[in-house]
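# Architecture at a glance
If you want the building blocks of each chain, they are given just below.
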Amino acid sequence: MSKAITKPQSFVWPIKETESTVEIDLGFIVSIEKTSGAITGLGPHKVEGPFKIKKGESWFGPRDLELSDFAWDNKDASLTLSYKDKTSLRLVFGEHKITGRLKGVGSLYRFPCFAGLKVDDDELITTNNFGEIIPDPVNTMKLNVKTASCSWHEYFVARPVEGIPGCIHEGGKNTYRIGYAGLASMPWLFYGSKEEGFYIASYDERFYNTYMHIEGTDSLLLALEKFGGKESFDSGLAEFSYLNSDWHEAARRYRAWLLTWYKPGPVPEWVWEENGLVVHYDFKFQSGEICHRFSDIPELYEMAKDAGFKHLYVSAWNEGGFDTLYPQFFPDLELGTIRDLKKAIDYVKADDGKISFYINTRIFNHRSEFYKTLGKKMAARNKDGSEYTEKYGGETFSCMCLAEKSWTKILKDTILWLINDMGATGMYIDQVGSFPRMCYANEHTHDRHDMWSLGYRDLLSSLNKEAEGDPFFIMEGCGDIYSQYVGAQLVHASWGLYTPYGHPEIYKYTLPEIIHIDMVHPKPVPIDVDAIGLNPVEVSSKMFLLGTHFWLYDHVLDDPELWDFLTKLFRIRTEIQPQLRRTRFVDDNGINSDFAKRYSSLEEEMILFYNPEDKEEIELSIAVPETVEAMFLGDEKPQLIATKDGKLPTKSQNLGFFRWYKG
């Protein structure tokens, strides 16, 4: 007969024992089933948890296992549960929180894993890239994905406007999975409302591939899924807690752990003085069309400088052009010689300008002459030995294994050649934040199948150590473990590439030190923005609220109406560059209006606003002086503005800022 959990004689937290459970009061009640160790309640809600282990084709939870022993430890306020199949669970109880560690044997395991979650006025917060808030998730997960779309060159350009991309509908269950560190930028989830919710997070510094696993029926299941194997696994530390708060508290908790290992990435001083960069993908398109050659770079730089930018970014410079013969990152001879490219770089740098280049880190073109000899060896492989293939425009690629050292050496050496030898001042490192792949190629240099994220981390770390000068590295997408090795992250938030429910405030609030870069316009040539539901002025205004750096394709400079607006916006943004560096983004904390964002430090306060509905004032719950400095769209310089009853006047003002010193 299995051993039943009983209440300890003394414990740091109050414990109540019922016929079927022991209930611990941590500021919220956690109920533990006496016969199995299952978690049956968090706060006022019934739940099922906290783990599942896959053995063969079946999943097992605590009720499917036989409890053999348990031990309370009053010293560290913990409970250790031991099961007869070599599974063990240690729970540590803190004020308003539970942390735990699961050990066992299985091909996959989900920990934390909680089912039966349902609260009123609910929303699901994920870390999909920059973050998303999915309203009414049980029903939203049922929706088919709708897109707004148009064509551009060989590409079909689409963005989701309803439903959850990647959500699988099977019978009465809808399953949504995002991988860390790839599309999921951080390993935590929050489900709840503005008043309460459930938070689960992995605090595992090994950073193996982790999947945010969500199932919707009439309630939600939330889990963090990791890879096991033949040997015993150890989940590392995790937290699962009931919160009397919204997602901001979840982000604060994750940040508290993140700060035990995270350091801000390397940002050259000049970057803080810039509003963004001017981007060219139009050297050579996938179709073979050539718009610029290396000899044009000095003129392109002068155009960028005239527009107020010192940073020029060049893509489609490589053999075959954009999205073609990767990884043949050699200068395309139709665009000029290596010497032509070097002269162009030297021209920009001689004027104290900055020039960055593109490299793709994920894919290998099947048409490359090196695919059969190199690409197939270094490709990530499924369990059946097949390659993961991906299609971009009219070309087919294999997805490379980022944990295979021969592949990352090619990437590193190419980047270092451009930085150290050619003199480039920066690199855009593409697809770092894409979905991670499990790799089952036994001949590769990785020890486990789930080391994709570590391969990227090691690549970026080695670039920081070996690159000369002070290069500006930009990665695509978001990922907390990568952010400490790059100066900025391209988030694709403003036009919703990844999700209709994007909320970039989530990543920005958790990691306010990160420089976000985003696109004013979604493609490098004019496309039908009405067809995909975009308004570049609205997009740019929302970017301004988040302190985002602007990724400007050159055709934006040729749009008189849009460029007139951006010129005025950049005049304001230039004025607040010191505050964007010195203050911390705290989202809407202290603001009772929905069209403004707050930045704060010990000495300064700044409020940015975008007011398309012409609301009269911003209401605050923080102290405001009688006069503050303000600047509005169209102003040449800041002015002093009188406040009234602690409110900031915005009537007839579309966009701008207020700032003041405390004290």
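Treat the numbers as computed from the prediction; the structure is a model and nothing was measured.

Quick notes on the rules
- Residue indices begin from 1 for each chain and proceed along its sequence in written order.
- The predicted origin of the model limits local features to residues at a pLDDT of at least 70 and limits the giving and counting of side-chain atom pairs to 80 or more, whereas totals for whole chains, interfaces and linings rest on all residues.
- Side-chain metrics in this entry use all non-hydrogen atoms of the structure; hydrogen atoms and water are not considered.
- Note: two strands are recorded as paired if DSSP finds a minimum of 2 bridges between them.
- Put simply, DSSP H or I for four residues or longer makes a helix, DSSP E for two residues or longer makes a strand, and each gets a number counted from the N terminus.
- Angular values range over 0 to 180 degrees, each being the angle between N-to-C directions of two axes fitted as lines to C-alpha atoms, with helices fitted over their stretch in contact.
- Here, residues are in contact when the closest pair of their heavy atoms is within 4.5 Å.
- Whether a residue is buried, partly exposed or exposed follows from its accessible area with a 1.4 Å probe, protein chains only, as a fraction of its type maximum: under 20%, in between, or over 50%, in that order.
- Throughout this description, a polar contact denotes any pair of N or O atoms lying within 3.5 Å of each other; where both atoms belong to protein, one of them has to be capable of donating a hydrogen while the other can accept it, and for residues adjacent in sequence the pair is counted only when both atoms sit in side chains.
- Salt bridge, as used here, is a side-chain nitrogen of Lys or Arg placed within 4 Å of a carboxyl oxygen of Asp or Glu.
- The disulfide definition used here is simple: a pair of cysteine sulfur atoms within 2.5 Å.
- Ring pairs shown here join Phe, Tyr and Trp side chains whose ring centres sit within 6.5 Å, with only the six-membered ring taken for Trp; geometry is labelled stacked below 30 degrees between planes, edge-to-face above 60, and tilted in between.
- Working rule for angles: under 35 degrees goes down as roughly parallel, over 145 as roughly antiparallel, 65 to 115 as roughly perpendicular, anything else as oblique.
- Left-handed describes a crossing whose near helix is turned anticlockwise from the far helix by less than a right angle; the clockwise case is right-handed.
- Basically, the charged four are Asp, Glu, Lys and Arg, the nonpolar ten are Ala, Val, Leu, Ile, Met, Phe, Trp, Tyr, Cys and Pro, and anything else, Gly included, counts as polar.
- In these notes, a set of buried Ala, Val, Leu, Ile, Met, Phe, Trp, Tyr and Cys residues joined through side-chain atoms within 4.5 Å is what counts as a nonpolar core.
- Here the expected length of a helix is defined as 1.5 Å per residue gap, with one fewer gap than residues.
- Arc definition: directions from the helix axis to the C-beta atoms.

Our focus in this paragraph is the sheet that holds strand β30 (residues 472–476). Taken together, 8 strands build a closed barrel; the order of strands is β23-β24-β25-β29-β30-β31-β32-β33 and the barrel is parallel. Neighbour-to-neighbour, the strand axes of this sheet turn through a mean angle of 25 degrees, independent of strand direction. Packing against the sheet, helix α3 (residues 297–306) makes contact with β23 (276–280), β24 (311–314) and β25 (354–360), and its axis sits at approximately 135 degrees to β24.

In this section: the environment of Arg362. Its location among the elements puts Arg362 in the loop between β25 and β26 (363–365). On the basis of relative accessible area, Arg362 is assigned to the buried category, the value being 2%. A distance of 2.8 Å separates the side chain of Arg362 from the side chain of Glu390, its partner in a polar contact.

Attention now moves to the pattern of salt bridges. Side-chain pairing between opposite charges can occur once the charged atoms of the two side chains come close. Counting across every chain of the model gives 51 salt bridges. A salt bridge links Arg90 to Asp76; the shortest N-O distance between them is 2.2 Å. Of the two residues, Arg90 is situated in strand β10 (residues 88–94) and Asp76 in the loop between β8 (67–73) and β9 (78–83); the sequence distance between them amounts to 14 residues. Given the relative accessible area of 34%, Arg90 is considered partly exposed. Between Arg659 and Glu575 there is a salt bridge whose closest N-O contact spans 2.6 Å.

On to the sheet that holds β26, then. With antiparallel pairing, the 3 strands of this open sheet are ordered in space as β26-β28-β27. The sheet is open, and its two borders are formed by β26 and β27 (389–392), each paired with just one other strand. Put simply, the sheet's adjacent strands are angled 40 degrees from each other on average, direction ignored. For β27 and strand β28 (residues 395–399), the ladder comprises 4 bridges, and the chain directions are antiparallel. Counted as the bridge partner of Thr389 is Ser398 from β28. Strands β26 and β28 of the sheet are contacted by helix α5 (residues 371–378), whose axis makes an angle of about 155 degrees with β26.

What follows is about the state of the cysteines. Such a bond, covalent and formed between the sulfur atoms of two cysteines, is termed a disulfide. This model, assessed by the stated rule, comprises 0 disulfides. We note that Cys113 lacks a disulfide partner, and the nearest cysteine sulfur, in Cys167, lies 16 Å from it. In this structure Cys399 is not part of a disulfide, and its nearest cysteine sulfur, from Cys401, lies 8.5 Å away.

Counted according to the given criterion, the structure contains 52 aromatic pairs. For the pair Tyr281 and Tyr358, a centre-to-centre distance of 6.1 Å together with 70 degrees between the ring planes defines the contact as edge-to-face. With Tyr281 in the loop between β23 and α3 and Tyr358 in strand β25, this pair connects stretches of sequence that are 77 residues apart. As far as burial versus exposure is concerned, Tyr281 and Tyr358 are alike and both buried.

Pairing between β8 and β9: 6 bridges, direction antiparallel. Across the sheet, residue Trp72 finds its bridge partner in β9, namely Leu79. The turn linking β8 back onto β9 is made up of 4 residues, and Ala77 within it adopts a positive phi angle of 55 degrees.

Two faces, one strand: in a regular strand the side chains alternate between the faces of the sheet. In terms of burial, strand β32 (residues 515–519) is a largely internal element, 5 of the 5 residues being buried. On β32, burial covers both faces: Ile515, Ile517 and Met519 on one face and His516 and Asp518 on the other are all buried. Where strand β31 (residues 488–490) meets β32, 3 bridges bridge the pair, whose relative direction is parallel. Each bridged residue has a counterpart across the sheet, and for Ala488 the counterpart in β32 is Ile515.

With that settled, the discussion passes to the packing of helix α6 (residues 405–421) against helix α7 (residues 452–466). Each packed pair of helices is defined by two parameters, the angle between the axes and the distance between the axes. Following both chains from N to C, one finds α6 and α7 inclined at 30 degrees, their axes separated by 10 Å at the closest point. Taken together, the axes of α6 and α7 are roughly parallel relative to one another. Between α6 and α7 lies a crossing of right-handed hand. Contact residues: Thr408, Leu411, Lys412, Ile415, Leu416 and Asn420 in α6; Gly455, Leu459, Ser462, Leu463 and Glu466 in α7. Broken down by class, the residue content of the contact of α6 with α7 amounts to 5 nonpolar, 4 polar and 2 charged.

Following both chains from N to C, one finds α3 and helix α4 (residues 338–350) inclined at 25 degrees, their axes separated by 9 Å at the closest point. With respect to α4, the axis of α3 lies roughly parallel. At the point where α3 passes α4, the crossing takes the right-handed sense. For the pair α3 and α4, contact is made by Ile297, Pro298, Tyr301 and Glu302 and by Leu341, Ala344, Tyr347 and Val348, respectively. Per-class residue counts for the contact of α3 with α4 are 7 nonpolar, no polar and 1 charged.

The next point concerns the nonpolar core. One finds Phe93, Trp188, Tyr254 and Trp551 to be the most contacted residues of the largest nonpolar core, which totals 212 residues. With 7 residues, the top contributor of residues to this core is helix α11 (residues 560–575). The residues contacting Phe93, other than those within four sequence positions of it, are Phe11, Trp13, Ile24, Leu26, Val30, Ile32, Trp72, Ala77, Ser78, Leu79 and Ile98. Core analysis: the next-biggest nonpolar cluster, separate from the first, contains 16 residues, Phe595, Leu620, Phe632 and Phe658 among them.

With 13 residues, α4 extends 18 Å from end C-alpha to end C-alpha; this agrees with the ideal 18 Å at 1.5 Å per step. Along α4, the positions that sit buried rather than exposed are Leu341, Ala344, Ile345 and Val348. Down the axis of α4, the buried side of the element spans an arc of 100 degrees, and every buried residue falls inside it. Projecting away from the buried face of α4 at angles above 90 degrees are the exposed residues Arg339, Lys343 and Ala350. With its phi angle positive at about 65 degrees, Asp352 sits one or two positions after the end of α4.

Assignment of secondary structure puts His446 in the loop between β29 (426–430) and α7. Exposure remark for His446: the relative accessible area of 11% places this residue in the buried category. For His446, the side chain forms a polar contact with the main-chain oxygen of Arg448, separated by 2.9 Å. For His446, the residues in contact, after removing those within four places along its chain, are Cys401, Ala403, Glu404, Cys439, Ala441 and Met451.

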